[in-house]
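# Report on the structure
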Amino acid sequence: MGTASDIKLIDENGLRIDGRSPTELRPLKIETDVLERADGSAFIEWGGNKILVAVYGPREAYPKHTQDIEKAVVKARYNMSAFSVDERKRPGPDRRSVEISKVISEALSAAVMVEQFPRAQIDVFIEVLQADAGTRIAGLTASSVALAAAGIPMRDMVVGCAAGKVDGKIVLDLGKEEDNFGQADLPMGILAKSGKIVLMQMDGDMSQEEFEQATALIMDATKRIYEIQREALAGKYRALALERSGE
Ligand code: ADP
């Protein structure tokens, strides 16, 4: 979150710097099966974010000491490419990417039926090609689609979404300027059907009332995002059906 600034993020008509209303999401598009070698893959464009996800597994966890005899280990690796931001990002893992990988791994583990695959590992590679605020929730949303596209049994889909506070107002899905100069950002991961919260982090400050307002905005948007996830997967299965009927 940025410090106090002269930048006006909400205009006199209540519209945001990119013309959105407080409850409007940035444009969101998901595509599956963009990579041939992965067991499942997805590409998400959300606002200016462009993120590719590749899923491999379940396969035997290696090294062996990382195996869990009762369930599969879901291992997400979030990586920002050097060219994904305005200033070149130093390549390789840093504290931020290790943290994001950990929270995404935990969120996905709650959705995957991990108990069906003891001693296995499911790898989820999240490559941020272009970053524009909200990459962790966009990466999480795409990962869930890539896991489903890989045919991995899941009890629910994970939907990522954020809300935040800019110019003293609670708004949905912060853009880059709002993230830089706003007062708070609340990224969340929700299980689509059960509504269970599987990821929640907060940067900045909100009152209890603002927090409840932000959570309500996220919960409502989750339904729209889940539809887009389902459509992306339906596209895949429609394509599969066509392939079969042509055999
Ligand atoms: P998220 O992308 O999940 O919102 P952050 O709040 O940490 O995560 O980052 C907000 C945005 O700041 C990112 O989406 C990206 O546009 C930018 N950003 C993050 N890390 C860097 C970095 N190392 N260099 C330049 N920009 C960065």
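Residues numbered from 1 in each chain as written. Predicted model: local features only at pLDDT ≥ 70, side-chain atom pairs only at ≥ 80, totals over all residues. Heavy atoms only, no water.

### Some details on the overall build of the protein
- The helix and strand inventory of the protein stands at four helices and 10 strands.
- The linear arrangement of helices and strands in the protein, starting from the amino end, is β-β-β-β-α-β-α-β-β-α-β-β-β-α.
- Against the 2.2 N^0.38 benchmark of 18 Å for 247 residues, the protein shows a C-alpha radius of gyration of 18 Å, consistent with a compact globule.
- If one aligns the C-alpha atoms of the protein with their principal axes, the spans along those axes are about 60 × 45 × 35 Å.
- Counting every position in the protein, which comprises 247 residues, the buried fraction comes to 47%.
- Contacts spanning at least 24 positions in sequence make up 69% of the contacts within the protein whose residues lie at least 6 apart. (Helix = DSSP H or I, 4+ residues; strand = E, 2+ residues; numbered from the N terminus. Rg over C-alpha atoms; globule rule 2.2 N^0.38 Å. Buried < 20%, exposed > 50% of the residue type's maximum accessible area, 1.4 Å probe, protein only. Contact = heavy atoms within 4.5 Å.)

### Quick notes on a nonpolar patch on the surface
- Taken together, Ile 7, Ile 17 and Phe 181 make up a surface patch of nonpolar side chains, about 230 Å² in accessible area.
- Structurally, the position occupied by Ile 17 is in the segment before strand E1 (28–32).
- For Ile 17, a relative accessible area of 42% translates into the label partly exposed. (Patch = residues over 30% accessible without salt bridge, like charges linked within 9 Å, V, L, I, M, F, W, Y side chains within 5 Å. Areas by Shrake-Rupley, 256 points an atom, 1.4 Å probe, with all protein chains shown as cover. Salt bridge = Lys/Arg side-chain N within 4 Å of Asp/Glu carboxyl O.)

### What to know about the layout of surface pockets
- In this model, the largest pocket occupies a volume close to 470 Å³.
- Along the walls of the largest pocket sit 24 residues, with Arg 96, Ala 133, Gly 134, Arg 136 and Asp 179 positioned nearest its centre.
- Of all the elements in the fold, those that place two or more residues in the lining of the largest pocket are helix H2 (135–149), helix H3 (176–181) and strand E8 (184–191).
- Here the element with the most residues in the lining of the largest pocket is H2; it accounts for three residues. (1 Å grid on protein atoms, 1.4 Å probe; cavity = no way out; pocket = protein on both sides within 12 Å on 5 of 7 lines; lining within 4 Å. Points joined across faces, edges and corners; volume = space filled by probe spheres on them.)

### Some points on the site of the ligand
- In the region of the ligand, the neighbouring residues are Met 80, Val 85, Lys 89, Arg 96, Ala 131, Asp 132, Ala 133, Gly 134, Thr 135, Arg 136, Lys 176 and Asp 179.
- Taking Ala 133, its main chain carries an N or O atom lying 2.8 Å from an oxygen atom of the ligand.
- Between the ligand and Arg 136, the relevant distance is 2.8 Å, taken from an oxygen atom to a side-chain nitrogen or oxygen of the residue.
- Protein burial of the ligand: of its 530 Å² of free accessible surface, 75% is covered by the chains.
- Using a 2 Å cut-off from the grid points, one finds that the ligand occupies the largest pocket.
- Elements represented by at least two residues in the shell around the ligand include exactly H2 and H3.
- In terms of residue class, the shell around the ligand is made up of four nonpolar, two polar and six charged. (Near = heavy atom within 4 Å. Polar contact = N/O pair within 3.5 Å; in protein donor to acceptor, adjacent residues only side chain to side chain. Sits in = over half its atoms within 2 Å of the grid points. Nonpolar A, V, L, I, M, F, W, Y, C, P; charged D, E, K, R; others polar.)

### A few points about the nonpolar core
- Ranked by size, the top nonpolar core spans 63 residues in total, and within it Leu 108, Val 124 and Leu 147 carry the most contacts.
- At nine residues, H2 tops the list of elements feeding residues into this core.
- Those residues in contact with Leu 108, other than ones at most four positions away along the chain, are Val 74, Ala 76, Val 124, Leu 140, Ser 143, Ser 144, Leu 147 and Val 158.
- One finds Leu 9, Ile 10, Val 171 and Leu 174 within the second-largest nonpolar core, a separate group that totals five residues. (Core = buried A, V, L, I, M, F, W, Y, C linked by side-chain atoms within 4.5 Å.)

Don't take any of this as a statement about function, it's just geometry.
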